[in-house]
Amino acid sequence: MEKVNWIIVKSKGRGIDYGVGTFVNNMLQGLSSFPNLDIFVIEIGGNTQEDFYIDKKDGITYFHFGKAWHLAGEDTVSNLSKHARNTLRILQPFIPNNRRTVVHLNFIYQHFLGKEFKKVYNAFVISTQHVFTEEFNEKLYSFDLEKQNFQLADQVVAVTKHGKEYLIGRGNAGEKITPIYNGINPMLFKDNVGSEDILKKYGISSSEKFILYSGRLDPIKGLKYLAEAFKITVKEIPNCRLVVAGDGDSSELINACQEVSSNIHCIGFIPFQDLIALYKHATIGVIPSLEEHCSYVALEMLHSGLPVVASKLGGLKEIFVHDENALLVDTVPDSTNVFGIAPDVKQMGESIITLFNDDALRNRFSINGKRRAINEFTSSQMAQKYIDLTLNI
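Reading guide: rules and limits
Residues numbered from 1 in each chain as written. Predicted model: local features only at pLDDT ≥ 70, side-chain atom pairs only at ≥ 80, totals over all residues. Heavy atoms only, no water. Pairing = 2+ DSSP bridges. Helix = DSSP H or I, 4+ residues; strand = E, 2+ residues; numbered from the N terminus. Axes fitted to C-alpha atoms, helices over the stretch in contact; angles between N-to-C directions. Buried < 20%, exposed > 50% of the residue type's maximum accessible area, 1.4 Å probe, protein only. Arc of directions from axis to C-beta. Core = buried A, V, L, I, M, F, W, Y, C linked by side-chain atoms within 4.5 Å. Contact = heavy atoms within 4.5 Å. Disulfide = S-S within 2.5 Å. Patch = residues over 30% accessible without salt bridge, like charges linked within 9 Å, V, L, I, M, F, W, Y side chains within 5 Å. Areas by Shrake-Rupley, 256 points an atom, 1.4 Å probe, with all protein chains shown as cover. Salt bridge = Lys/Arg side-chain N within 4 Å of Asp/Glu carboxyl O. Phe/Tyr/Trp six-rings, centres within 6.5 Å; stacked < 30°, edge-to-face > 60°. Lys NZ or Arg CZ within 6 Å of the ring centre and 35° of its normal. Parallel < 35°, antiparallel > 145°, perpendicular 65-115°, else oblique. Left-handed = near helix turned anticlockwise from the far one by under 90°. Nonpolar A, V, L, I, M, F, W, Y, C, P; charged D, E, K, R; others polar.

Q: Before we move on, could you go through the sheet that holds strand S6 (residues 124-129) and cite the residues and values that matter?
A: The sheet built from eight strands is open, its strands ordered S3-S4-S2-S1-S5-S6-S7-S8 with mixed pairing. Taken across any chain shown, the strands that pair with only one partner, and hence form the sheet edges, are strand S3 (53-57) and strand S8 (177-179). Averaged over all pairs of adjacent strands, the angle between strand axes in this sheet comes to 20°, irrespective of strand direction. Relative to S8, strand S7 (residues 155-158) is paired through three bridges, and the arrangement is parallel. Following the sheet pairing, Val156 is matched in S8 by Ile177.

Q: Can you break down helix H5 (residues 161-169) residue by residue, with the values?
A: Taken together, the buried positions of H5 are Gly163, Tyr166 and Leu167. For H5, the angular spread of buried residues about the axis comes to 95°, placing them on one side. For H5, the exposed residues set more than 90 degrees away from the buried face come down to Lys161, Glu165 and Gly169. Just beyond H5, the residue with positive phi is Gly171, at close to 95°.

Q: Go over the nonpolar core, please, and point to the residues and values.
A: Ranked by internal contacts, the top residues of the largest apolar core, which has 97 residues, are Phe117 and Phe320. Setting aside residues no more than four positions away along its own chain, Phe320 makes contact with Ile287, Ala298, Leu302, Val308, Ala310, Asn325, Ala326 and Leu328.

Q: Mind laying out unusual backbone geometry, listing which residues take part and the relevant values?
A: Phi is positive for Asp58, close to 55°, though the residue is something other than glycine. Note on placement: Asp58 falls in the loop between S3 and strand S4 (60-64). On the basis of relative accessible area, Asp58 is assigned to the exposed category, the value being 68%. With a phi angle near 65°, Asp323 is a residue other than glycine that sits in the positive phi range. As for its placement among the helices and strands, Asp323 is situated in the loop between helix H11 (316-319) and strand S14 (326-329).

Q: Requested: an account of the state of the cysteines, with residues and values cited.
A: Counted by the stated rule, this structure contains zero disulfides. No disulfide involves Cys240; its sulfur sits 11 Å from that of Cys257, the nearest cysteine. The thiol sulfur of Cys266 is not disulfide-bonded, and the nearest other cysteine sulfur, from Cys257, lies at 8.4 Å. On the accessibility criterion, Cys266 (39% relative accessible area) is partly exposed.

Q: An account of a nonpolar patch on the surface is needed here, citing residue identities and associated values.
A: Nonpolar side chains collect at one region of the surface, where Ile54, Ile90 and Phe94 lie side by side and expose about 230 Å² of accessible area between them. The topology assignment puts Ile90 in helix H2 (residues 76-91).

Q: A description of the pairing of strand S2 (residues 37-44) should follow, citing residues and the corresponding values.
A: Regular strands place side chains that alternate from one sheet face to the opposite one. For S2, the tally of buried residues reaches eight of eight residues, placing the bulk of the element in the interior. Burial of S2 is two-sided: the residues Leu37, Ile39, Val41 and Glu43 facing one way and the residues Asp38, Phe40, Ile42 and Ile44 facing the other way are all buried. Where strand S1 (residues 4-11) and S2 come together, eight bridges link them in parallel fashion. From the neighbouring strand, Val9 faces S2, where its bridge partner is Ile42. Pairing between S2 and S4: four bridges, direction parallel. Counted as the bridge partner of Glu43 is His64 from S4.

Q: I'd like to hear about the side chain of Lys221, residue by residue, with values.
A: Here Lys221 lies in the loop between strand S9 (210-214) and helix H7 (223-236). Those residues in contact with Lys221 that lie beyond four places of it in its chain are Tyr213, Arg216, Pro288, Ser289, Leu290 and Glu292.

Q: Which residues make up the packing of aromatic side chains, and what values go with them?
A: Applying the stated criterion across every chain yields a total of nine aromatic pairs. Three or more aromatic residues link up through ring pairs in this structure, and these residues are Phe40, Phe52, Phe63, Phe65 and Phe94. The ring of Phe356 carries the charged tip of Lys209 above its face, separated from the ring centre by 5.7 Å.

Q: Pulling in residues and values, what's your account of the side chain of His111?
A: Turning to its location among the elements, His111 is positioned in helix H3 (residues 111-121). Leaving out residues up to four positions away in the same chain, His111 has contacts with Leu105, Leu145, Gln148, Asn149 and Leu152.

Q: Which residues make up the packing of H7 against helix H12 (residues 345-357), and what values do they have?
A: At their nearest, the axes of H7 and H12 sit 8 Å apart, and the two run at 50° to each other. Taken together, the axes of H7 and H12 lie oblique to each other. In this structure, the crossing between H7 and H12 has a hand that is right-handed. Between H7 and H12, the residues in contact are Tyr225, Leu226, Glu228, Ala229, Ile232, Thr233 and Glu236 and Val345, Lys346, Met348, Gly349, Ile352 and Ile353, respectively. Looking at the contact of H7 with H12, its residues break down into eight nonpolar, two polar and three charged.

Q: Could you give an account of the sheet that holds S14, with specific residues and numbers?
A: Read across the open sheet, the six strands follow the order S11-S10-S9-S12-S13-S14; overall the sheet is parallel. Both outer strands of the open sheet, strand S11 (264-268) and S14, are each paired with one neighbouring strand and no more. In this sheet, neighbouring strand axes are inclined to one another by 20° on average, regardless of whether the strands run parallel or antiparallel. Sheet topology places strand S10 (residues 241-245) next to S11; four bridges connect them, and they run parallel. From the neighbouring strand, Val243 faces S11, where its bridge partner is His265. Against the sheet, H7 engages S9, S10, S11 and strand S12 (284-287), with an angle of about 180° to S9.

Encoded structure:
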C-alpha cells in the first residue's frame, strides 16, 4: 500500500493546549490505526528558547520548535513567511518528498508553513477552523490572512455546522467547507476510574452531590453568569456544591460568588484521568459558555454519561439535544460582552435545580448521552472523515 505523509501542524499556548491540543491528540489516536500513513507533528509557537529537536512516540515523529512563532508586529507577515521557509529547510531531510503529502493546519497564521509545503511538496492542505476570528485579536491577524488561508487550503473543515455558517457569512465559498465534528477515544471512559479516592484527593465529601464545571477560567466561558445562576440554585438547595476544575483568572467567578463562596470549591487544573473520575461522581455538569464550537468538555461529559445544563448556542446546540441528554438554556441580549448575548441566568438556575433534584431525568440523560457520544463523536469516526477528504488526490 502506498505510503502517505500526514503532517499535523500544532501550536502551543494556554487556550490551545486545552481545546486544539486535545483535538490533535485525538486525531493522532484515530489516524494511527491507518497503516499507510506516516504521521508527523510539527509543534510551533512555544515560549521556551529550546533548540529544535525531534522525538518519536508510538510510531509518530514529532518536530519541536522552541522559539515563539506567531509574535505580532508591523513585520509579522514577512517574519512568518521567512520563518516558514527556514522551518521547511530544517524539516526536508526528515520528510520524504516522493509521496503524497497531506498538511493539516489548525490556525490561520500556520498558513505560511502550509504555503511552503504546497510549493515544495505539492501538498494537499486541510485547514480546520477551531475558533472564530473575533475570538483572538483581529488586529494582530488580519481578515486578509483568513482569506489567504481559505484560498490556500484544498479543503476547509468547520468543526460544527454552526462554524460552516459563520465562514460562509465571512464571504467564503460554502462548497469548499466540510463540517466534521471533533471526536474522542471512547476507551478513555471505559476504565473503572470512579473510585471514591478521587473525591478524597480533592477534598470533596463522598456523601454530597455536586455540580461540576470544567475548562479554562476565561470570560468567554460565561463564569459570571454561572455564578448568578448558582446563587439561585443555593437558595433552593442550600447544601449544593459547585466544583470548578480548570486554571486561569478566577477573579470574575470569585467576585460574583462572594455570598455563596462556602459552596464553591476551586480545584485548579487537574490531570485528565482525575477529571474523568470526577465526571463519574458529579451529579450534573454545567457549560455556561458565550460561544462554543465542538467543545471537548462537552464531548467528555457526554461520553461519561454526565447529565448537563448548557447554553443553547453555537456548537452546543449540535452536540446536545434538549430534553434528551441535556437541558439547554436560552440566550438573552447582553451588551457587557463581545458576543452581545448570554445564557438566561434565571433559566439556567432553574434548570440546574430541576436536573439536580430529578434522579430519573438524570439517568435518562446519562443513557442517551453515552449512546449519542458513541454514534457521533469518536476519534476513529473523525479521522476517517478527514481521510475521506483526501481520497481524490
